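# Structural characterization, general
Here is how the chains run, residue by residue.
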Amino acid sequence: MAKRAAVIHVVSSFGLSERKACRLLNVSRSTKRYQENRKDDHSLRKRMKALANRHKRYGSPRLHALLKKEGLVKNHKRTERIYAEEGLTIRRKRKKKPGIFLRAPLPEATTPNETWSMDFVHDSCTNGSRIRVLTIVDDFTRECPGLLTQSSIPGHRVTAFLDQRAIIHGYPGSIRVDHGPEFTGRQFQQWAEQRRMHIQYTRPGKPMDNAFIESFNGKLRDECLKEHWFLNLKHAQNEIEQWRIEYNEERPHRSLGNRTPYEFVKEHQTMLQEQRLNLNLVHISG
């Protein structure tokens, strides 16, 4: 400690560099210990805790994507360090490892509205009433065109809701569903045939045949259904629709390069417009 203090005194008094001061005093530079110069993380910690409190099921990577968009961080290691120090780690139940089996890969969608995947999720309200949620996701953009929350959703309500959503999003080329009675009934099949939509039925007992909607349902249950006590059906409809808007517009999606579905759709539309413009220029010049 005395040697280190002497080096500091010589540097401050005579304006010498640390190396010259060590040579003058015949002292090894290793005696001058490294002094940590860590950045002030107060504002970053405060914002991270606010985001974690709002999105209780977001992990470190997704919080990092949000903070990076706000310009608060660059390196993910800093986010992970503060995330661990603040005790924000999410406890997750270990899932049983599935057996190894061969299966055919899902046909990959290459354009918006090429394939929609659909399914049902069940929950209950504090008053004891049961609710069902019809979930829909676009396989290409990961966008959720709509969520129908009702106490009962027969086949005619499914088709009416899809007609309503088609006013904004258009009809998909095909729909991937399981063998539930709402999807196998004659009324649903005739409705799809009239709109020239192909129905892809998954194999019984093979939920991974509909992997996109299964993944979406897990997010809906983990981030919304488990986080709220629904007082009644109206309360459930409001909270679930609010989560859908957040999912489409705010929630970073890892498979989309940490972009939201809306950001991905806009970038895709811009790319298509540029391609059409280039083709028109080539056609005119040719």
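This text goes with the structure placed above it.
Before going into details, it helps to say that this report is about the structure given with it. (Residues numbered from 1 in each chain as written. Predicted model: local features only at pLDDT ≥ 70, side-chain atom pairs only at ≥ 80, totals over all residues. Heavy atoms only, no water.)

### As for the side chain of threonine 260
Secondary-structure assignment places threonine 260 in the loop between helix 10 (233-249) and helix 11 (261-285). For threonine 260, a relative accessible area of 1% gives the class buried. If we skip the residues at most four places from it in the chain, threonine 260 touches Lys69, Asn248, Glu249, Glu250, Arg251 and Pro252. (Helix = DSSP H or I, 4+ residues; strand = E, 2+ residues; numbered from the N terminus. Buried < 20%, exposed > 50% of the residue type's maximum accessible area, 1.4 Å probe, protein only. Contact = heavy atoms within 4.5 Å.)

### As for the nonpolar core
Core analysis: the biggest nonpolar cluster contains 18 residues, and Met118, Leu134, Val158, Leu162, Ile175, Phe183 and Phe188 have the highest contact counts within it. For valine 158, the residues in contact, after removing those within four places along its chain, are Met118, Phe120, Leu134, Ile153, Glu182, Phe183 and Phe188. Within the second largest apolar cluster, 17 residues are counted, among which are Ile131, Cys144, Cys224 and Leu225. (Core = buried A, V, L, I, M, F, W, Y, C linked by side-chain atoms within 4.5 Å.)

### Comments concerning helix 4 (residues 60-69)
Of all 10 residues making up helix 4, seven are buried, and the element is well covered by its neighbours. Listed as buried for helix 4 are Ser60, Arg62, Leu63, His64, Ala65, Leu66 and Leu67. Close packing links the buried residues of helix 4 with helix 3 (42-54) and helix 5 (76-85). Looking at the residues trailing helix 4, positive phi occurs at glycine 71, about 75 degrees.

### Quick notes on the sheet that holds strand 5 (residues 198-201)
In spatial order, the strands read 3-2-1-4-5; together these five strands make up an open sheet with mixed pairing. The open sheet has two edge strands with one neighbour each: strand 3 (147-150) and strand 5. Averaged over all adjacent pairs, the angle separating strand axes in this sheet is 20 degrees, with direction ignored. Summarising the sheet, strand 1 (residues 115-124) and strand 4 (residues 174-177) pair through three bridges and their orientation is parallel. What sits directly across from serine 117, in strand 4, is arginine 176. Each of strand 1, strand 2 (130-138), strand 3 and strand 4 touches helix 6 (residues 155-169); the most contacted strand, strand 1, lies at about 125 degrees to it. (Pairing = 2+ DSSP bridges. Axes fitted to C-alpha atoms, helices over the stretch in contact; angles between N-to-C directions.)

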